[in-house]
Structure formats: C-alpha cells, structure tokens
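This is what each chain is made of:
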Amino acid sequence: MALAEAKRATLAARTAGLTVVSEGWLGTARAAARARLAAMGLPARRDEYWRYTDPTSLTAADPSPARVDGEEEETPVFTAIDRVKLVFVDGVFDAKASDDPRLAGVEIERLAEAAARPGHWARDLFGVLEARGQSPVDRPLATMNTAYATDGVLIRATARARKPISLIYIHKSETSDAILHHCIKVETGADLTVLENGPAAARFCKVMEVEVADGGSFHHVRAQGPDHERRAVTHVFARLGARSMFKSFTLTANGRLTRNEVVIELAGADSMAHVAGATMGDGDFHHDDTVFVTHAAERCESRQVFKKVLKNGAVGVFQGKILVKAGAQKTDGYQISQSLLLDEDSQFLAKPELEIYADDVKCSHGSTSGAIDETALFYLQSRGVPKRAAQALLVLAFLSEAIQEIDDEAIAEDIRGRLEGWLNRHAR
Amino acid sequence: MLEINNLHVKLEEEDKVILRGVDLLVKPGEVHAIMGPNGSGKSTLSYVLSGRGGYQVTEGSARLDGQDLLAMEPEERAAAGLFLAFQYPVEIPGVGNMTFLRTALNAQRKAQGLDDLSAGDFLKLVREKAKALKIDAEMLKRPVNVGFSGGEKKRNEILQMAVLEPKMCILDETDSGLDVDAMKLVADGVNALRNGRRSFLVITHYQRLLDHIKPDVVHIMAAGRIIRSGGPDLALEVEHNGYADLLAEVK
Ligand SMILES: Nc1ncnc2c1ncn2[C@@H]1O[C@H](COP(=O)(O)OP(=O)(O)OP(=O)(O)O)[C@@H](O)[C@H]1O
Ligand SMILES: [Mg+2]
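Residues numbered from 1 in each chain as written. Chains lettered and ligands numbered in written order. Predicted model: local features only at pLDDT ≥ 70, side-chain atom pairs only at ≥ 80, totals over all residues. Heavy atoms only, no water.

Asker: Please explain the overall build of chain A as it appears in this structure.
Answerer: Broken down by element type, chain A carries nine helices and 19 strands. Against the globule reference of 22 Å for 428 residues, chain A gives a C-alpha radius of gyration of 21 Å, in line with a compact fold. When the backbone C-alpha atoms are referred to their principal axes, chain A occupies close to 70 × 50 × 50 Å. Evaluated residue by residue, chain A yields a buried proportion of 63% over its 428 residues. Summarising the internal contacts of chain A: among those between residues at least 6 apart in sequence, 85% fall at separations of at least 24. Looking at chain A as shown, the accessible area adds up to about 15700 Å², and 50% of this sits on carbon and sulfur atoms. (Helix = DSSP H or I, 4+ residues; strand = E, 2+ residues; numbered from the N terminus. Rg over C-alpha atoms; globule rule 2.2 N^0.38 Å. Buried < 20%, exposed > 50% of the residue type's maximum accessible area, 1.4 Å probe, protein only. Contact = heavy atoms within 4.5 Å. Areas by Shrake-Rupley, 256 points an atom, 1.4 Å probe, with all protein chains shown as cover.)

Following this line, the structure appears as structure tokens:
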C-alpha cells in the first residue's frame, strides 16, 4: 500500500537534517533501516498504536525548545553508587566527563568506533532486535533511530560486572535533538546492571537493544530526568535466552511528553522478564508506557507493573500486551497498570491486552484508576502525621509494588529519595 | 481534660442528624465508659472528636485541656494528646507498620518541639511495648493491618497507643472480636497506661471489659444523646436488663 503523502512529507522533513555516514556493517544496517523506514513512514495520530499519544512533536522537523531546569532541585540519584559513568551531553558522548571505561568482564565501546571492525559482535544486534520488534506493530521511530542515531555505546558483559554502568544524559541546549542507540550483550552466565538518568535533550530518541544469553542476568534502572519541557521517545528491545533474567525499572517525573516502549521476547525456556515503571506527573505532562512481551518458549515468567500518580491535568497512558505463542506452555504472565489520580482533571488511559495461543498458561492482567484513600489518610492523620506527609506516604505506598522490582536496595533507596523529593516539591 | 458541651452533629452531605446535644466531662485520670444500642452515635462521637471529615458540627463545643478541638486538624488533635483506637482499624497496603509508627511518633515529637527518636531507641521502644501485648516482630514488618486478624488489628491499635502515649485515649469497641486472653492483654495494656493523669473514654457493648478496666463513670448513649450516667453498676444493669427499661424511662 502506498504510503500516504502526508506521512511521506513528515518523514522527509524529520530526517532532512540527519546525515550519518557509517562504514562497514554499521553502514549496511543503517541503509537497511532507511529502506524499512521509507516503507513505514513516521507515526501519525490516526495510527492505532498512537491513539492515546500524539506523536506530532516527536515527528516534527524541529524539536520544540525545552528549558534547562537543571538537576539542582531534583534529588540526585545514583551518586553514592560505585559505578562507571558514561556521560552524554545533548546526545554527544563526553569522554572528559566520563570515567575510564575499563571494567573487568565488560567491554565498552562507542558505536562509531566499532563500525570499522568487521565481525564485531554488535553486528548481530544493531538494528536486528529493533527489526524483529516491528512485528506485529510498526515502531518507526525506533527504525529512524537505527538509521540516524548519532552516537551510542556498545556494552558486552562476559562475567559478573563488579559495578553498574551508569549512562548519564545531560541536557544543556534548549533546542537539542538527540538520537542515541545502545547495544548491550550479556553473555552466558554474565551479570550486568545498567543505570540511566538525566533528561538528555530537548527532544530525545533512544533505542537500547539488549541480548541476554542463556543464564545471563541484566538489570536496568533508569530515572528519566527533570526538565519539565523535554520530550522523549525511548525503546528497549530485549531478547532472552534460556534461564536468563531481565529486569527493567523506570522512574519518570516531569517531561512534557514521554513514550517508553519496551519490547521483550522470551526466546529461551525458563527465562524471566520484569518491567516496571513509576510515574509522577503534574500539569502539562503526558506519559505513555507501551509494552509488548512475547512468550516464545516454555516455562517463562513475565511481570509488568506500572503505576502512575497524576495531578493537575497530567495524562498517563498504558498499552501493554502479553502474547503467548503456541508451544509456550507453562507461561506465567502478570500485568498490572494502575493510576492514582490526585484530582479530577487528570486522566489515565489503559489498554491491557492478552493474546494466548498455548493452552497450559497462567496469565492475569488488571488495570485500575483511583483516588487517594480518604480513610487511610484520616487514619494516618489521626496518629499525628500531617496531611501532606500522610499523602506522600500513601503515594509511595501506591508506587511500592513497582519499586520492589528493583533488586538492589541502595539503588531502590535512591529512587525512593527522588520520589520523596518530587512529592515534597509538588505537594499542593 | 475532655469537655464536650451540647454537641450537635449531622452528616455533611445529607440532612441526617446523628448527635443531638452530647454533654460529657472527663477529668484527668478518669476512665469513662460509653455504652448504648447500635447506631446510637458512639463511633460518630469518637470520629468527630478526632476530626474525621464528612460530619458537620451544628452546635456545641469540644475542648481538650481548654483547647478547641473542633478548630484543629486531625494531626493537631493527635499532637495535643488525643488518640482514637478505631472500631475498624484501617489497612494500608504498601506502608510498613514500623514506618507508620515511626512517622507518627516523630511527627508528634516534632509538633511538641522534640527531636526525632533515633532508629535504635525507636526499635527498642516498640519491641518492649509489642512484647507486653504479645505482638510478634513478624507482624510489625508487615504493612499496616494488612492480613491481620480482627484481634491482631485491635492489639495493634493498643500498641500504637502505648508508643504514642496520648493523654486522652478513646477506645471504640476495642474489645469486640477479641478472645478472652486477648481481651485480658488489651486491658492490661490499657491499665499499664493509667497513671492518674491520663484519661480514657471506653466505648463498649460488654460489661466484661469493664471488669478489667474499671470505669469511674458509665454513660448510656441513645439516639445521639447521653441519656443516663452513673457508676460501674450501670453497666451491670445493662448487661442484665438490656436497654429497654432505660429507653422507656427517657420517653
Ligand atoms: N458517614 C455516614 N453516612 C451515613 N450514615 C452514617 C455515617 N456515619 C454514621 N452514620 C449513621 O449514624 C448513626 C450512628 O452511627 P455510629 O457508627 O456512630 O453508631 P454506633 O453507636 O457507633 O453503633 P455501633 O454500636 O453499631 O458501633 C447510624 O445510624 C449510622 O448509620
Ligand atoms: Mg460504633
């Protein structure tokens, strides 16, 4: 079917300024992505998958400017964690600000550097998981990312990493437009934690492809930064081998627009994937979690836990799907999406889906929207807890099921700290 | 200590009147019991005193040591020394019991100009009080009242009271749902807090509790009013004859 003229025009305008010359396997992957993208076009409001989130600002030729609020007022995260810091400023790697990337059992390279090397491991990953994730739903912004990403890191863990790799995204220019593409490979028996934080740019498009080999473990915790006016679309594409583990948690506070897509394929038996998100939005805030988990092997477990706290007209979206393929017997799939609406102006839109082609599976999903429990609030107050603090306690309690998905207690404590800071500043 | 004068209360959202002129004076160190038929307004009185929303005071006053309770936020009333052991303790999933207790205690200390209790001192305090009430440590780790049996919830109320050390304690049917041994524990917990200054208002349907917690005065509430007050014998009279005679007398 011919692509509508409007979509073609949008795509041409959006990619006009994006020229990336890549050599070797990277060049090949990018050329293929450009061809796929030309056939798809960029998302438009009418597209079913973008029904609840208007992609216009993500597909516009230029980013809308976004004020740099700075990190000062936001409670810092991960600062006390011993980690390897890799810093990107408006989407450009900053070697000076970064730590020495040497870490036992882990290889870290910049995307552009690896392109020159034929037979690089990333060749089988870059754009590959992204392309697999295009079915059954198109994700053109991810393809655009593969085609035009200007920077990114390749991380390969061959053993248990002694400390996390921490990707820090600094936003400095009010009109920055960043496209980053990372590839992560966790080899058999290896264990890696990747942290991400910071607003990154006025407009940010990111893809992270993660391959976890048999028996590998991958932990991902991110705190999507402050800067109220920023816009971001991010994708995680993960493929899991047998007996492997994947855990991803995202905290989002602020940001005019955020769309976080997570696409997971449980390809090997007995693997486990948990995706969780805690979101707090105040005012002009639109946050969309779009998750697609495919069970393609036996005895795998997946969990999706998404919680959103919304006030002053903030909008939360959840589109989550569990697809159980024929033969994926003994699947254990769980999905919950809940919102706590602190006033009547805020809105939560949820589209939970299950599609099951195996007969011996256990899958559950639920979605709720509610206000703060007045009885619990009074109970706390009657014990002397001031109303604001009581509200904060109840909000944290509401989010706790998502935060519990973070295995590392020190990291979880940081996330709670940022949440508390946000709640203090945004108390009515 | 607690002085209630001609208190009239209706529901905020409806035209339903619940309290129709309650008068009550509890002096320091005294234990008063309130009995009365279901729906007579006992819990409503306790809620209005502690500041729950949804009620409207149309007339009258309530003072704690001379302070106008009705003008205060619920947390201010708590800091002023008022405590209500709920008839139906509230479950709060996601908030740990210890976090809850510690937040409450430190909030009250702050309101009184005191520093936070250190983590160690707090733990010691709670352990000691919990032990006396035979509340095991596992229970304290769980979220507030979640998965607690009826009796455990009631004991948890008394634990909170023991930790917060209020000066005016209102117990709303704390004995309901307790087995004989648990009732004894709860009564012991209450008696341990009696010190000649602290006052209690004990709402109950059963004389049995009053065998353990000896009241100075017993009140009978009916249709939103205290229709009779007397000594401990009044509770015995109710136990034997029910409320019919008393209600008839008023009419
Ligand atoms: N929020 C409310 N909405 C509607 N009716 C209410 C509300 N609160 C109290 N009432 C009504 O007011 C009356 C008094 O209730 P209350 O709970 O105070 O009685 P009580 O004396 O504590 O009874 P019990 O012995 O059964 O505990 C009842 O008829 C009750 O239904
Ligand atoms: Mg009652």
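Next comes the rest of the account.
Asker: Please clarify how unusual backbone geometry should be interpreted in this entry.
Answerer: What is expected of a backbone is that most residues other than glycine have negative phi and most peptide bonds are trans. Look at the link from Ser135(A) to Pro136(A): it is a cis peptide, with omega at 5°. Examined against the element boundaries, Pro136(A) turns out to sit in the loop between helix H5 (128–132) and helix H6 (140–148). Non-glycine residue Asp90(A) carries a positive phi angle of around 45°. Residue position: Asp90(A) is located in the loop between strand E1 (84–89) and strand E2 (92–94). For Lys134(B), which is not glycine, the phi torsion reads 55° and is therefore positive. Along the chain, Lys134(B) turns up in the loop between helix H4 (119–132) and helix H5 (137–141).

Asker: Please explain the site of ligand 1 as it appears in this structure.
Answerer: Residues and elements named next belong to chain B. The environment of ligand 1 is made up of 15 residues, and the closest members are Gly39, Lys42, Ser43, Thr44 and His205. Glycine 41 is positioned with one of its backbone polar atoms (N or O) 3.0 Å from an oxygen atom of ligand 1. Tyrosine 55 is positioned with one of its side-chain polar atoms (N or O) 3.4 Å from a nitrogen atom of ligand 1. Against a free-state accessible area of 630 Å², the protein chains account for coverage of 65% of ligand 1. Residue composition of the shell around ligand 1, by class: four nonpolar, eight polar and three charged. (Near = heavy atom within 4 Å. Polar contact = N/O pair within 3.5 Å; in protein donor to acceptor, adjacent residues only side chain to side chain. Nonpolar A, V, L, I, M, F, W, Y, C, P; charged D, E, K, R; others polar.)

Asker: Whenever I open this one, the sheet that holds E1(A) confuses me. Can you help?
Answerer: Strand pairs in the sheet, formed through backbone hydrogen bonds, run parallel or antiparallel to each other. Residues and elements named next belong to chain A. If you walk across this open sheet you meet the ten strands as E2-E1-E5-E7-E9-E11-E13-E15-E17-E19, and the pairing is mixed. Either end of the sheet is taken by a strand with one partner, and the two such strands are E2 and strand E19 (362–370). Neighbour-to-neighbour, the strand axes of this sheet turn through a mean angle of 10°, independent of strand direction. In this structure, strand E15 (residues 301–311) lies alongside strand E17 (residues 332–341), joined through ten bridges in parallel fashion. The residue bridging valine 309 from the neighbouring strand is leucine 340, located in E17. Sheet strands in contact with helix H8 (residues 387–403) are strand E11 (245–253), strand E13 (272–282), E15 and E17, and its direction is about 155° off that of E15. (Pairing = 2+ DSSP bridges. Axes fitted to C-alpha atoms, helices over the stretch in contact; angles between N-to-C directions.)

Asker: What exactly am I supposed to notice about empty space enclosed by the protein here?
Answerer: Any space left empty among the atoms is revealed by the rolling of a water-sized probe across them. Residue and element names in this part refer to chain A. Following the criterion strictly, the structure yields four cavities of 30 Å³ or more and no others. Looking at the largest cavity, it is lined by 15 residues, and the ones nearest its centre are Tyr169, Gly198, Phe204, Gln224 and Thr234. When residues of the lining of the largest cavity are traced back to their parent elements, those giving at least two are strand E7 (191–198), strand E8 (203–212), strand E9 (217–224) and strand E10 (231–240). Considered class by class, the residues forming the lining of the largest cavity number six nonpolar, five polar and four charged. In this structure, the second largest cavity encloses a volume near 40 Å³. The wall of the second largest cavity is formed by Arg222, Ser248, Thr250, Asn260, Val262, Val275, Ala276, Asp289 and Phe306. At the level of elements, E11, strand E12 (257–266) and E13 are the ones that each hand at least two residues to the lining of the second largest cavity. The class makeup of the residues in the lining of the second largest cavity is four nonpolar, three polar and two charged. (1 Å grid on protein atoms, 1.4 Å probe; cavity = no way out; pocket = protein on both sides within 12 Å on 5 of 7 lines; lining within 4 Å. Points joined across faces, edges and corners; volume = space filled by probe spheres on them.)

Asker: Help me understand the side chain of Thr234(A), please; the structure alone is not making it clear to me.
Answerer: Residue and element names in this part refer to chain A. Locating threonine 234 in the fold gives a position in strand E10. Among the residues examined, threonine 234 registers a relative accessible area of 2% and is labelled buried. A distance of 2.8 Å separates a polar atom in the side chain of threonine 234 from a polar atom in the side chain of asparagine 260. Non-local contacts of threonine 234, meaning those with residues more than four positions away in its chain, are made with Lys206, Arg222, Gln224, Arg259, Asn260 and Glu261.

Asker: When you look at the interface of chain A and chain B in this model, what are you seeing that I'm missing?
Answerer: The extent of an interface is frequently quoted as the accessible surface area lost upon association of the parts. Between chain A and chain B, the residue contacts involve 16 residues of the former and 29 residues of the latter. The largest share of the area that chain A buries against chain B comes from Phe378(A), Tyr379(A) and Arg383(A), three residues that together contribute 45% of it. Between chain A and chain B we count one salt bridge in total. Here Arg383(A) ties to Glu157(B) by a salt bridge, and the two come within 2.7 Å at their closest N and O atoms. (Buried area = accessible area lost by both parts, 1.4 Å probe. Salt bridge = Lys/Arg side-chain N within 4 Å of Asp/Glu carboxyl O.)

Asker: What is the right way to read the environment of Glu74(A) from this model?
Answerer: Residue and element names in this part refer to chain A. As for its position among the elements, glutamate 74 is in the loop between helix H3 (56–59) and E1. The contacts of glutamate 74, once residues within four sequence positions are left out, are Pro226, Asn254, Arg418, Trp422 and Arg425. Looking at glutamate 74, its side chain comes within polar contact range of the side chain of arginine 425, at 3.2 Å.

Asker: Honestly, the pairing of strand E6 (residues 82–85) of chain B in this entry has me stumped. Any pointers?
Answerer: Two faces belong to every sheet, and in a regular strand the side chains alternate between them. Residues and elements named next belong to chain B. Of the two faces of E6, the one carrying Leu82 and Leu84 and the one carrying Phe83 and Ala85 are both buried. As paired strands, E6 and strand E9 (residues 168–172) are joined by four bridges and run parallel to one another. Within E9, the position partnered with leucine 82 by the bridge is methionine 168.

Asker: Which parts of the structure should I look at to understand H8(A)?
Answerer: The α-helix winds at 3.6 residues per turn, so residues separated by three or four positions along the chain end up facing the same way. All names here are of chain A. Its 17 residues give H8 an end-to-end C-alpha distance of 23 Å, which sits within 8% of 24 Å, the value for a rise of 1.5 Å per residue. At alanine 397, H8 is deflected by roughly 30°, the largest bend along its length. Summarising burial for H8: 13 of the 17 residues are buried, a large majority. (Expected span 1.5 Å × (residues − 1). Bend = angle between axes of the 7 residues up to and from the residue.)

Asker: I'm lost on the pattern of salt bridges in this one. Help?
Answerer: Any two side chains of opposite charge can pair, so long as their charged atoms come close to each other. Residues and elements named next belong to chain A. As enumerated under the stated definition, the model contains 48 salt bridges over all chains in all. Note that aspartate 47 and lysine 7 form a salt bridge whose closest N and O atoms lie 2.9 Å from each other. One end of the pair, aspartate 47, is in the loop between helix H2 (24–40) and H3; the other, lysine 7, is in helix H1 (residues 5–15), and 40 residues separate them in sequence. For glutamate 261, the salt bridge identified is with arginine 259, shortest N-O distance 2.9 Å. Accessibility classification places glutamate 261 together with arginine 259 in one group, the buried group. Overlapping salt bridges bring together Lys247, Arg303, Lys307, Glu401, Glu405 and Asp407 as one network.

Asker: When you look at the coordination of the magnesium ion (ligand 2) in this model, what are you seeing that I'm missing?
Answerer: When a metal carries six donors in an octahedron, the ideal angles between them are 90 or 180 degrees, while four donors in a tetrahedron ideally lie at 109.5 degrees. Every protein donor of the magnesium ion (ligand 2) is accounted for by Ser43(B) (OG) and Gln87(B) (OE1), and the metal-donor separations fall at 2.0 to 2.2 Å. Of this pair, Ser43(B) sits in helix H1 (residues 42–50) while Gln87(B) sits in the loop between E6 and strand E7 (92–96), and the two are 44 residues apart along the sequence. (Donors = N, O, S within 2.8 Å, 3.2 Å for Na, K, Ca; no water.)

Everything listed here is a matter of geometry and, on its own, says nothing about what the molecule does.
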